[in-house]
Each structure stands twice: as structure tokens, then as C-alpha cells.
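Survey of secondary and tertiary structure
Below are the chains, spelled out letter by letter.
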Amino acid sequence: LAHFYKKLVTEFILLGLSSSRELQLFLFFIFSVFYGAAVLGNSLIILTVITDSRLHSPMYFLLSNLSFIDVCQATFATPKMISDFLSEHKTITFKGCMSQIFFLHVFGGSEMVLLVAMAYDRYIAICKPLHYMTIMSRRACTVLVGVSWAIGILHSASHLVFTIDLPFCGPNKVDNFFCDLPLVIKLACLDTYVLEILVLTNSGLLSLICFLLLLISYTIILATVHRQASGGTSRALSTLSAHITVVVLFFGPLIFIYIWPFESFTIDKFISVFFTVFTPLLNPMIYTLRNKDVKEAMKKLRNQHVGSKEAC
């Protein structure tokens, strides 16, 4: 019977950010610019790290992987949202909806764990500098990135395994611009209280563990930096401030989400936009504007590109 019910819903209707036609056209332009900037900015960081040998270090290897996740995070739902601004019927297939749920939690979970890996990298660099290259070897960095993706995939699969077989027998309107898991679960034709608790526990535990690890790491690092009286202290603080800013911007909205996990607020849509559009754009800005090495490498890359054009 559940299988029959599920077949009744073959697509979901995305209510989007606004019903105003004029506002939708304005948002189409705005989010097209933001999406393009996010993809271009993160792609530029990846290209810069790959091409400049001075950036072939553990910190920049992890940073380039964060940029790759940000490109994925910006792409899983934003292009559809942008195209939906020009469409009268904003629908998504059942498979498309499940795919969005899967990728959202893969990229979100992977980014949380990768931020912990980046904090660990800074901890080793500042607290155990003599052993840095031994501990943070290329193999160790690859393992850290692999673990972040593995945890993200397992985290997402644990959500999807019970969501995909829920009986959807009628209501199919999702009050967002993508398939948000709590909103989709509420459309199922059964009592979803236990499932809601499972979702909250799964995502909440991963977020809490990562946040506590980050809090402990940066507390130890800041205490160590405070005790040091070397010339590299200001440089270390500059790097740390960029990392901490990203952590605050990423986990700050999560705190609000988990305070009222299954209540619908207007601000929920803003938080969704923040995660999928603004965070991928802010990360490259934060890391490049405060990082002298990356800025110099980008200038070098630009000069090489301009020089090759002039030679032609």
C-alpha cells in the first residue's frame, strides 16, 4: 500500500522565494551574479593552488578541497532556483527531489568535517611546528579529505534510506526553492514524529561533534599563539581569523536551525540561500582577502595569462 501511495506523487512543487513576478526577475539577476561569482571565485582558488608550487602545502591542499565542496554546494540547487525564477510552474521530479536531499547533506556533512581537518592542520602548524611536515604528509591530507567525503556520504545516505520509501499520497508543495528534508518529510502520509527526531539526532550530533572539536582546537591554538612572542604571531592570527570567521558563518545559522528544527519561519529561506549561495561566495573572499600568499599567486597567474595573450 505504501508503494502505491508513493507512486501517487511523481513530482513536488517548489514554492520558491517569492510569488511576485517583478521580484522574481530581480532575484534572477542577483542570484545569477552571485552564483557566477561563487563558482568563478572557488574555481580560481583551485586553479591557483594547483598551478603555483609555493601553495603546494597541506593548508592550501585542504583549502582547495573546501573550494571544490563550495562549488558543489552552490551548484546542487542554485541553477534550478535561477531557472525557476523564469518559470511559471516550479516543479521537480521525485527522483530530482531525493537527489537534492542527498547532495545537500553530502556536501554539508563533508564541509563540516573538512573544517575540522583544517583546524587540525592549524593546530599542528602552530602547536607542533617541528613535526608539521611529518604529521601533515600528503598521504595524511588525502586521508583527511577522504574521511570528510566518506562521513558526508554516510550521513546523507542514512537520511535518504528512510526518506525515499515514505508514502507520499497527495500534498506535494515544498515551501522553499529546493527539497529541504524536514519540509519533505512533513508531506508524508503518516506520523513523522519519530523520523523528525531521527533527522534531528543524525544532523545535530554530527554538527555538535564538529563544532565542539573546532571550539577545542581553536581555543588551544589561540592560547598557544597568545603565549608566543615571535614575529610570526600576527601572521598566525591573520590566518586563524579567516578560519574562525568561516566556522562562525557556517555554524551560526545551524544553531538557529536546530533550535526550531521542524518549525517553518520566513528566515528559514534566508538561511537556505545563505548556505547554498552566500557561503560558497564568502569563503573564497575571506581566505583570499586575508591571505598574502594566495593574493600574490593570483597576481602571478593573472600576469602569466596577460603575458601569454600579448605574446600571441
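In short, a report on the structure. All of these numbers come straight from a predicted model, not from anything done at the bench. (Residues numbered from 1 in each chain as written. Predicted model: local features only at pLDDT ≥ 70, side-chain atom pairs only at ≥ 80, totals over all residues. Heavy atoms only, no water.)

A look at helix H7 (residues 138-163)
Between its terminal C-alpha atoms H7 stretches 38 Å, which fits the 38 Å expected from 26 residues at 1.5 Å a residue. Among the residues making up H7, those that are buried are Cys-141, Val-145, Ser-148, Trp-149, Gly-152, His-155, Ser-156, His-159, Leu-160, Phe-162 and Thr-163. On its buried face, H7 sits against helix H3 (58-75), helix H5 (94-127), helix H8 (181-185) and helix H9 (193-227). (Helix = DSSP H or I, 4+ residues; strand = E, 2+ residues; numbered from the N terminus. Expected span 1.5 Å × (residues − 1). Buried < 20%, exposed > 50% of the residue type's maximum accessible area, 1.4 Å probe, protein only. Contact = heavy atoms within 4.5 Å.)

Some details on the pattern of salt bridges
Inspection of every chain in the model, using the stated rule, returns 4 salt bridges. Ionic pairing is found between Arg-54 and Asp-52, a salt bridge with its closest N-O pair at 3.1 Å. On the basis of relative accessible area, Arg-54 is assigned to the exposed category, the value being 51%. As a salt-bridge pair, Lys-80 and Asp-84 come within 3.3 Å of each other at their nearest N and O atoms. A residue pair is termed a helical-turn pair when its members lie 3 or 4 positions apart in one helix, as Lys-80 and Asp-84 do in helix H4 (residues 78-84) at 4 residues. Judged by its relative accessible area of 7%, Asp-84 is buried. (Salt bridge = Lys/Arg side-chain N within 4 Å of Asp/Glu carboxyl O.)

Regarding the packing of aromatic side chains
Aromatic ring pairs are reported here in terms of the distance separating the ring centres and the angle at which the planes meet. Going through the model one piece at a time under the given rule, you end up with 15 aromatic pairs. The interplanar angle of 90° and the centroid separation of 5.0 Å between the aromatic rings of Phe-34 and Phe-278 together place this pair among those described as edge-to-face. In this pair, Phe-34 is assigned in helix H2 (residues 21-51) and Phe-278 in helix H11 (residues 266-289), connecting sequence segments 244 residues apart. Centroid distance Phe-103 to Phe-107: 5.7 Å. Interplanar angle 15°. Geometry classified as stacked. On the criterion of helical spacing, the pair formed by Phe-103 and Phe-107 is a turn pair, its members being 4 residues apart in helix H5. Take Phe-103: its relative accessible area is 37%, and that puts it in the partly exposed class. Residue classification places Phe-107 among the buried positions, given a relative accessible area of 9%. Taken together, the ring pairs connect Phe-68, Phe-102, Phe-103, Phe-107 and Trp-149 into an aromatic cluster. (Phe/Tyr/Trp six-rings, centres within 6.5 Å; stacked < 30°, edge-to-face > 60°.)

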